[in-house]
Amino acid sequence: MAVPPAGPWSGLVRDALVAALVAGLLALPFVGLETYDIGGGALGIRTHFDRVAIAIAAVFAGRFLYRLLRQLYRERPPSAAPPLARIAAWGNRRAAAITLVGLGFALALPFLPMSSRYLIDLGTTVLIYVMLGWGLNIVVGLAGLLDLGYVAFYAVGAYTFALLAHNLGFTFWEALPLTGLVAASFGIILGFPVLRLRGDYLAIVTLGFGEIIRIVLLNWSAMTGGPNGISEIPRPTFFSLPFARNAPEGTTSFAQFFGLDFSPDHRVIFLYYVILALALVTNWFTLRIRRLPVGRAWEALREDEIACRALGINPTNVKLSAFAIGAMFGGFAGAFFATRQGFISPESFTFMESATILAIVVLGGMGSQMGVVLAAILLVTAPEFGRAFAEFRMLVFGAAMVAIMVWRPGGLLARREPSLHLEPRPTAAQSR
Amino acid sequence: MSGERVPLLKIEHLTMRFDGLVAVDDLSFTAYRREITAIIGPNGAGKTTVFNCLTGFYKPSAGRLAMLAGDETLLLERMEGFRIASDAGMARTFQNVRLFAGMTVLENLIVAQHNALMAASLFSIAGLLGLPRYRAAERAAIERARHWLDRLGLIARADWVAGALPYGDQRRLEIARALCTGPRLLCLDEPAAGLNPRESAELNTLLLGIRDDEGIGILLIEHDMSVVMGISDQIVVLDHGRKIADGTAAEIRADPKVIKAYLGEEEEAPLPAETEAHIGFSRTGNTC
Ligand SMILES: Nc1ncnc2c1ncn2[C@@H]1O[C@H](COP(=O)(O)OP(=O)(O)OP(=O)(O)O)[C@@H](O)[C@H]1O
Ligand SMILES: [Mg+2]
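## Here's the deal with the overall build of chain A
1) Next: Scanning chain A from terminus to terminus reveals 17 helices and 2 strands.
2) Next: Across the 432 residues of chain A, 43% fall into the buried class.
3) Next: Looking at chain A alone, contacts between residues at least 24 apart form 73% of all its contacts between residues at least 6 apart.
4) Next: Carbon and sulfur atoms provide 68% of the accessible area of chain A, an area that totals close to 22800 Å².

Here it is, written out as structure tokens:
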């Protein structure tokens, strides 16, 4: 394209003017006019042309600067990768070190000097989402089955534990394996009807499944307490030592046993370590199973189902196992959620939760374990920082998602680690 | 060929209709162990459809597909798709390569051995615990993969992501993957498409080697006549879904019906032998 002498500047100005014009046209009715009540139900109109002018100026300046920066950026050598990609590459190179530091930090968190009850609570919430993200990652990231109803298994786990505790007197630790089992069965129940579906169709059916579970919980009052939910869910014990100021008859409390002064923080810290352990088990399991035939079959199924069938792999089994195992971890997380809150109701298991968990998986980079952690930290803590501008929270959240999908379409830390390598043959000539 | 021919796959009266269109019409032939049986024919003759019926992707409208495995006779048209590969020992490649593109070359070959490994891992329990029984099975699977990588000249690419391979390598990887399943019958859908003449000549040697060393049958769809005429023990010619000829390369080359099907009514020249006759070469995008 031939560029006239004054080209770059006039081009930039023209582009910014067009943007400002569009902004002006939009701002005039939306920002410039305000209706107000003049009494008697009639409406008057106020004009705010000053605000329109500000909007136009802001868009002009913003567009101009954006184009200018882009042009300057393009003149730099092409080797300069975008900053986000560079950070991701650095993170992937240093994966082992970062994992160790992160794990050390997570283990030490409750005892750090700056630690507080609030921080530990926040850490617990983050870890719940990390665990849910890792669980869903099995279904979405590894097996490539887009599941928009993951919260259903979270709910099933929570209600299973609550009901077992209330009706049969189960403790948290006794109920935990059962919640996983029940959630896994629900995974299979969901899996059967959707065996033939993929992509968008699968997403819609799983979304419906999530809603069905929630609506059943809401309406089956006799069993689930309906909208009132279930309260007084037992708290977990430390090897059957309860966390209580005054232990019930015939038992010793945690504080008494260890000769400590009672503090409500003990339970908070204990809960934190419980979810940390559960999350780490999920991670260990996923990393391990990725290197086993089932895990490879999940990934192969994601890549090409037809080729899988031609190799004699039973796609039904592969899909159901992914749904079941993903659901199982959702169930564990649900049981933990119930025991932590002591109270559950269908309100905690809305579609918004499924969307958040899926966002964590997609944002982190499908299949990337570390990406899930990073995304969970971002998504859970961002609203906390955003309390000051609470009204714009969703707006900022949405903008951040769009920005990340534009610059890192594969997710923040998208990179797949091969599940095995062909070790160099001892006799072979050394190359690289 | 020395000795008696051992039948491996008997196709009898295979018919495949797609509302109105008869893609395969009353096709019968037999493929033998230790032989390469080529299926040729103009575009749209129904060759890929025959493969799709054999491998369970289509349910034949009529006909009997019998795999002779030792004393057993397995009726493919009655088996579930994935069992045709796992139980009857049928392996195939696709006209438009279907690899697990995001996985490495080695992983592609390990996935192909899924069923054996799954059994060895006791449905993942032994695998999760890292029991020696599973580790030995995995080592054996890697050795098998290494064997085929060596054989197909892909060993240096073992840890590459499959989708990043050049086209010719992808085609060979797909063949290696099919071989890793330990098949009785290997079905190749246009393996030489998109290969240069040198690669194509290497492929000939390879296929002959597989036939003789592994003692398996090969069913080969191919447009490249240098491949077909050079290595086939038997050639089946399809036209509009019907079998118009069946015989050795020499018989087919001299068959007036074949010449007519390929070159149209007006031309009566015999098919050029061996070299660069790419008859009707094209890669139309049929799935599977
Ligand atoms: N699933 C299907 N539905 C409808 N028609 C089909 C289907 N599959 C194949 N056909 C038709 O059957 C005929 C044979 O197709 P087939 O793919 O078997 O040809 P081919 O011999 O493999 O050709 P090519 O050499 O181009 O690969 C074609 O007319 C095709 O359009
Ligand atoms: Mg074809």
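## Here we look at the interface of chain B and chain A
Reports often express the size of an interface as the amount of accessible area lost when the parts come together.
1) Next: Chain B puts 42 residues into the contact, and the matching count from chain A is 32 residues.
2) Next: With both chains or domains summed, chain B and chain A bury close to 3200 Å², and 66% of this area falls on carbon and sulfur atoms.
3) Next: Taken as a group, Phe82(B), Leu128(B) and Arg146(B) account for 20% of the area that chain B buries against chain A, more than any other trio of residues on that side.
4) Next: The interface formed by chain B and chain A includes 2 salt bridges.
5) Next: Between Arg98(B) and Asp304(A) there is a salt bridge; the shortest N-O distance is 2.9 Å.
6) Next: Connecting chain B to chain A are 7 residue pairs in polar contact (both at pLDDT 80 or more).

## A closer look at the side chain of Thr179(A)
1) Next: Inspection of the secondary structure puts Thr179(A) in helix H7 (residues 172-191).
2) Next: For Thr179(A), a relative accessible area of 0% puts it in the buried group.

## Comments concerning the sheet that holds strand E3 (residues 36-40) of chain B
Within a beta sheet, neighbouring strands are joined by backbone hydrogen bonds and run either parallel or antiparallel to one another.
All names here are of chain B.
1) Next: Pairing within the open sheet is mixed, and its 6 strands lie in the order E6-E7-E8-E3-E9-E10. Unpaired on one side and paired on the other, strand E6 (90-92) and strand E10 (242-247) mark the two borders of the sheet. Across the sheet, the mean angle from the axis of one strand to that of its neighbour is 20°, orientation sign disregarded.
2) Next: Here E3 runs beside strand E9 (residues 234-239); their pairing, made up of 4 bridges, is parallel. Residue pairing for E9: Ile39 is matched across the bridge by Val236.
3) Next: Contacting E6 and strand E7 (185-189), helix H7 (residues 167-180) crosses the sheet at an angle of about 160° to E7.
4) Next: Contacting E3, E7 and strand E8 (217-221), helix H8 (residues 197-214) crosses the sheet at an angle of about 150° to E8.

## Topic: the coordination of the magnesium ion (ligand 2)
Residues and elements named next belong to chain B.
1) Next: Here the magnesium ion (ligand 2) is held by the protein donor atoms Thr48 (OG1) and Gln95 (OE1), which lie 1.9 to 2.2 Å from it. Taken together, the positions of Thr48 in helix H1 (residues 47-54) and Gln95 in the loop between E6 and helix H3 (105-111) put the pair 47 residues apart, joining distant regions of the chain. Gln95 matches Thr48 in its accessibility class, with the two residues each being buried.

## Regarding the environment of Leu112(A)
1) Next: Structurally, Leu112(A) can be placed in the loop between helix H4 (95-108) and helix H5 (117-142).
2) Next: Measuring from C-alpha to C-alpha, the distance between Leu112(A) and Leu132(A) comes to 26 Å, with 20 residues separating the pair along the chain.

## A short note on the packing of helix H6 (residues 151-168) of chain A against H7(A)
Residue and element names in this part refer to chain A.
1) Next: Between H6 and H7, the least distance of the axes is 8 Å, while the angle of their chain directions is 140°. As judged from the angle between their axes, H6 and H7 are oblique. Of the two possible hands of crossing, H6 and H7 adopt the one that is right-handed. Of the residues in H7, those in contact with Phe153, Val156, Gly157, Thr160, Phe161 and Leu164 of H6 are Phe172, Ala175, Leu178, Thr179, Val182, Ala183, Phe186, Gly187 and Leu190.
2) Next: Along the lines of polarity and charge, the residues of the contact of H6 with H7 split into 11 nonpolar, 4 polar and no charged.

## Observations concerning the confidence of the model for chain A
Residues and elements named next belong to chain A.
1) Next: Here chain A averages 84 in pLDDT, while 89% of its residues score no lower than 70.
2) Next: Scored below 50 in pLDDT, residues 1-5 makes 1 contact in the model with residues more than four places away or belonging to other chains.
3) Next: Ignoring residues within four places in sequence, the model shows residues 425-432, a span with pLDDT below 50, making 2 contacts including any to other chains.

## Regarding the confidence of the model for chain B
Residues and elements named next belong to chain B.
1) Next: When pLDDT is averaged along chain B, the result is 84; 89% of the residues meet or exceed 70.
2) Next: In the predicted structure, residues 265-287 sits below a pLDDT of 50 and forms 43 contacts with residues beyond four places in sequence or in another chain.
3) Next: Among the scores for the predicted complex, ipTM is 0.86 and pTM is 0.82.

## Observations regarding the side chain of Thr224(A)
1) Next: One can find Thr224(A) in helix H9 (residues 221-224).
2) Next: Excluding its chain neighbours within four sequence positions, the residues that come into contact with Thr224(A) are Tyr159(A), Leu217(A), Gly229(A) and Ile230(A).

## Re unusual backbone geometry
Residues and elements named next belong to chain A.
1) Next: The residue Glu232 is not glycine, and still its phi comes out positive at about 55°.
2) Next: By the secondary structure assignment, Glu232 is in the loop between H9 and helix H10 (254-257).
3) Next: Judged by relative accessible area, Glu232 falls into the exposed class, the value being 70%.

## A few points about the packing of aromatic side chains
Residue and element names in this part refer to chain A.
1) Next: In total, this model carries 15 aromatic pairs over all chains according to the counting rule given.
2) Next: Between Phe60 and Phe64 the ring centres are 6.4 Å apart and the planes differ by 10°, which places this aromatic pair in the stacked class. Pair noted here: Phe60 and Phe64 are both in helix H2 (residues 49-75), with a separation of 4 residues, about one helical turn.
3) Next: You can call Phe64 buried: its relative accessible area is 18%.

## Let's talk about the sheet that holds strand E4 (residues 62-69) of chain B
All names here are of chain B.
1) Next: A sheet is described by the order of its strands in space; here 4 strands give the open sequence E2-E1-E4-E5, paired in antiparallel fashion. Both edges of this open sheet fall to strand E2 (21-32) and strand E5 (72-75), since each of them pairs with a single strand only. Within this sheet the neighbouring strands show an average axis-to-axis angle of 20°, counted without direction.
2) Next: Where strand E1 (residues 7-18) meets E2, 8 bridges bridge the pair, whose relative direction is antiparallel. Paired with Leu14 across the strands is Leu27, a residue of E2.
3) Next: Against the sheet, H1 makes contact with E1, E2 and E4, and its axis sits at roughly 110° relative to E1, the strand it touches most.

## Comments concerning the environment of Leu149(B)
1) Next: Among the secondary structure elements, Leu149(B) is positioned in helix H6 (residues 132-151).
2) Next: Put simply, Leu149(B) and Val105(B) are 44 residues apart on the chain and 8.9 Å apart in space, counted from C-alpha to C-alpha.
3) Next: Setting aside anything within four residues of it in sequence, one finds Leu149(B) in contact with Leu422(A), Val105(B), Leu106(B), Leu109(B), Leu154(B), Ile155(B) and Ala158(B).

Rules of the game
- What you see as residue numbers is a count from 1 along each chain, following the sequence as written.
- Throughout, the order in which chains and ligands are written sets their labels, letters from A for the former and numbers from 1 for the latter.
- Where totals are concerned, whole chains, interfaces and linings use all residues; where local detail is concerned, this predicted model gives features only for residues with pLDDT of at least 70, and gives and counts side-chain atom pairs only at 80 or more.
- Hydrogens and water molecules were not included; the side-chain quantities draw on all heavy atoms of the structure.
- Strands here are runs of E lasting at least two residues and helices are runs of H or I lasting at least four, both read from the DSSP assignment and numbered beginning at the N terminus.
- A simple rule labels every residue: compare its accessible area, found with a 1.4 Å probe on the protein chains alone, to the largest value its type can have, and call it buried under 20%, exposed over 50%, or partly exposed in between.
- Residue contacts are defined here by distance: any two heavy atoms, one from each residue, within 4.5 Å place the two residues in contact.
- Using the Shrake-Rupley algorithm and a 1.4 Å probe, accessible areas are obtained, with residue cover drawn only from the displayed protein chains.
- Throughout, the accessible surface (probe 1.4 Å) given up by two parts as they are put together, summed over both, is called the buried area.
- Definition used for salt bridges: Asp or Glu carboxyl oxygen within 4 Å of a side-chain nitrogen of Lys or Arg.
- Residues adjacent in sequence count toward polar contacts only when both atoms are side-chain atoms; beyond that, a polar contact is any pair of N or O atoms within 3.5 Å, and within protein one must be able to donate a hydrogen and the other to accept it.
- DSSP-based pairing: two strands are paired if at least 2 bridges between them are found.
- The angle between two axes is taken between their N-to-C directions and runs from 0 to 180 degrees, where each axis is a line fitted to C-alpha atoms and a helix contributes only its stretch in contact.
- For Na, K and Ca the donor cut-off is 3.2 Å; for every other metal, N, O and S atoms count as donors within 2.8 Å. Water does not enter the count, which can leave sites looking incomplete.
- Roughly parallel means an angle under 35 degrees; roughly antiparallel means over 145; roughly perpendicular covers 65 to 115; every other angle is labelled oblique.
- Each crossing gets its hand from how the near helix is turned against the far one by less than a right angle, where anticlockwise is left-handed and clockwise is right-handed.
- Each residue receives one of three labels: charged for Asp, Glu, Lys and Arg, nonpolar for Ala, Val, Leu, Ile, Met, Phe, Trp, Tyr, Cys and Pro, and polar for the others, Gly being one of them.
- A residue's pLDDT is simply how confident the predictor is in it, with values from 0 to 100.
- Two aromatic rings from Phe, Tyr or Trp, using only the six-membered ring of Trp, form a pair when their centres are within 6.5 Å; if the ring planes differ by under 30 degrees the pair is stacked, by over 60 it is edge-to-face, and anything between is tilted.

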